[in-house]
Amino acid sequence: MSTLTSDHLATLAQQGIELPSWAFGNSGTRFRVFPTAGTPRDPFEKIADAAEVNRHTALAPSVALHIPWDKVDDYAALRRHAEGLGVALGTINSNTFQDEDYKFGALTHHDERIRRKAIDHHLECIDIMDATGSRDLKIWLAEGSNYPGQNDMRARQDRLQDSLQQIYARLSGEQRLVLEYKFFEPSFYHTDVPDWGTSYAQVAALGDCALVCLDTGHHAPGTNIEFIVMQLLRLRKLGSFDFNSRFYADDDLIVGAADPFQLFRIILEVIRGGGLNNPDVAFMLDQCHNIEDKIPGQIRSVLNVQEMTARALLVDRDALDAAQNANDVLAANAVLMDAFYTDVRPQLAQWRESRGLPADPMAAYAASGYQQRIAADRVGGTQAGWGA
Ligand code: PSV
Ligand code: MN
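- The name given to the protein chain in an unreviewed UniProt entry is L-rhamnose isomerase, with the source organism recorded as Microbacterium saccharophilum.

### Considerations on the overall build of the protein chain
Thought 1: In terms of helices and strands, the protein chain carries 14 helices and 10 strands.
Thought 2: Here the C-alpha atoms of the protein chain give a radius of gyration of 21 Å, agreeing with the 21 Å that 2.2 N^0.38 yields for 388 residues.
Thought 3: Across its three principal axes, the protein chain shows a C-alpha extent of roughly 60 × 60 × 40 Å.
Thought 4: Taking all 388 residues of the protein chain together, 54% fall into the buried category.
Thought 5: For the protein chain, long-range pairs separated by at least 24 residues make up 79% of all intrachain contacts whose partners lie at least 6 apart in sequence.
Thought 6: In the form shown here, the protein chain has an accessible surface area of approximately 16,900 Å², with 52% of it arising from carbon and sulfur atoms.

### Some points on the nonpolar core
Thought 1: In terms of nonpolar packing, the biggest core is built from 95 residues, with L107, L177, L214, V229, F241 and F264 touching the most fellow members.
Thought 2: Per-element tally for this core: the top contributor is helix α9 (residues 294-313), with 9 residues.
Thought 3: Those residues in contact with L177, other than ones at most four positions away along the chain, are L137, I139, L164, I167, Y168, L171, V203, L206, C209, A210 and L211.

### A closer look at the coordination of the manganese ion (ligand 2)
Thought 1: Around the manganese ion (ligand 2), the protein supplies E180 (OE), D215 (OD), D242 (OD) and D286 (OD) as donor atoms, at distances of 2.1 to 2.2 Å.
Thought 2: Metal-centred angles of 72 to 165° between the 6 donor atoms at the manganese ion (ligand 2) mark the site as octahedral.
Thought 3: We note that the donor set of the manganese ion (ligand 2) lies within a single chain, spaced as E-x34-D-x26-D-x43-D. With E180 in strand β6 (residues 176-180) and D215 in strand β8 (residues 210-215), the pair connects residues that are 35 residues apart, well separated along the chain. Across the pair, exposure class does not vary: E180 and D215 are buried alike.

### Quick notes on the pattern of salt bridges
Thought 1: Scanning the entire structure with this criterion turns up 24 salt bridges.
Thought 2: For E124, the salt bridge is made with K71, and the minimal N-O distance between the two is 3.0 Å. Here K71 lies in the loop between β2 (62-66) and α3 (75-84) and E124 lies in helix α4 (residues 112-132), a separation of 53 residues in the sequence.
Thought 3: Overall, the relative accessible area of 44% leaves K71 in the partly exposed class.
Thought 4: Each of R41, E45, D49 and R378 takes part in salt bridges that share partners, so that together they form one network.

Basis of the calculations
Each chain has its residues counted from 1, following the order in which its sequence is written. Chain A is the first chain written and ligand 1 is the first ligand written, with later ones labelled in order. In view of the model being predicted, local features appear only for residues whose pLDDT reaches at least 70, and side-chain atom pairs are presented and counted only at 80 or more, with totals across whole chains, interfaces and linings using the full set of residues. Computation of side-chain values covers all heavy atoms of the structure but excludes hydrogens and water. The secondary structure listing takes helices from DSSP runs of H or I that are at least 4 residues long and strands from runs of E that are at least 2 residues long, numbered from the N terminus. The quantity called the radius of gyration is restricted to C-alpha atoms. Its globule counterpart is 2.2 Å times the number of residues to the power 0.38. Residue exposure (1.4 Å probe, protein chains only): buried if accessible area is under 20% of the type maximum, exposed if over 50%, otherwise partly exposed. In what follows, a contact means two residues having at least one pair of non-hydrogen atoms within 4.5 Å. Each accessible area value is a Shrake-Rupley result obtained with a 1.4 Å probe; residue values ignore everything except the protein chains displayed when judging cover. Residues enter a nonpolar core if they are buried and are Ala, Val, Leu, Ile, Met, Phe, Trp, Tyr or Cys, with the set joined through side-chain atoms within 4.5 Å. Think of the donor list as every N, O and S atom within 2.8 Å of the metal, or within 3.2 Å for Na, K and Ca; water never makes the list, so a site can look incomplete. Here a site with four donors is tetrahedral if all angles are between 85 and 135 degrees, and a site with four or six donors is square planar or octahedral if opposite donors are over 155 degrees apart and the other angles are between 65 and 115; anything else gets the irregular label. Salt-bridge detection follows one rule: a side-chain nitrogen of Lys or Arg within 4 Å of a carboxyl oxygen of Asp or Glu.

What follows is the structure, given as structure tokens:
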């Protein structure tokens, strides 16, 4: 089976990937942030850029916000602006990693004043969700310690659960909390939510509307991420993905760039577990574009996800089942590899054209003049950046 069927194309037509507002701001490493001409100066301009990605691909119907980076006076106006451009406001990300008070913890802090402040920040995020119409509150915690003995790890888990309960209690019926894990950074000895098991244990104690967020860049090298995807789907606790790719640590590079085969394997498990185009499992990007242009970087990213989804849909399930049941190791592996090595690009290009989209969204964007326009128009003001 090497051609996408009309069923496959109908499935692909439903795919939606949420873009991170911060991908459109400047970013870099601790050595240097290289600014780009035309970088947005405020959340309205970030959303305009995100809408451009959707206009060329029909793959990116919503934009995630990060608070306080995307704070505005009038969220209803921001929502109208987004909807006017054909996109919705999506996940609200809290941020407890850039305030002096949080040096030694936020939701886990032993100082009740600081812990209260961190909880209140999340309650403010829920108020914003009410105004933006967002469903998900995404929490990633930069909490942990650098030296053995520095902290009481167990007491911190207990305080974390108490803090999360207070936040969870404020969600309305339709809203959800997703808790992201990351194995290290900024802490190097222990991290309070380092792995999917800890995230799972914390959210399972909250209730059905609390789920795990899996960021593909947040695992030790060599981790079998698709196994985690399978297990969380099995447990009905996979709430969302933060997609990106990495060579070393949390590199936040373009999804599918470092290891397309890994992305294929992850999406294969998503399909297997009923998570594709399932509103319960949000596909989001969490990326930074340090040296490449940001809008084409995002276009490339959503196309990579689409392409690996198409290849994963091509896996011949019957042949795979038969080979697995016959313990035919090499035949089973060959079924996967046949699909993975199928070049779906020509067919996807044709299909895009048949839907009134550019066959080659990268080329269409380059020819659109948008990049030159924003470079000329966005003069003055302060360019947005990761962390501002
Ligand atoms: C942390 O590394 C993280 O993956 C979280 O999702 C943050 O919100 C995001 O990156 C900020 O870039
Ligand atoms: Mn993330």
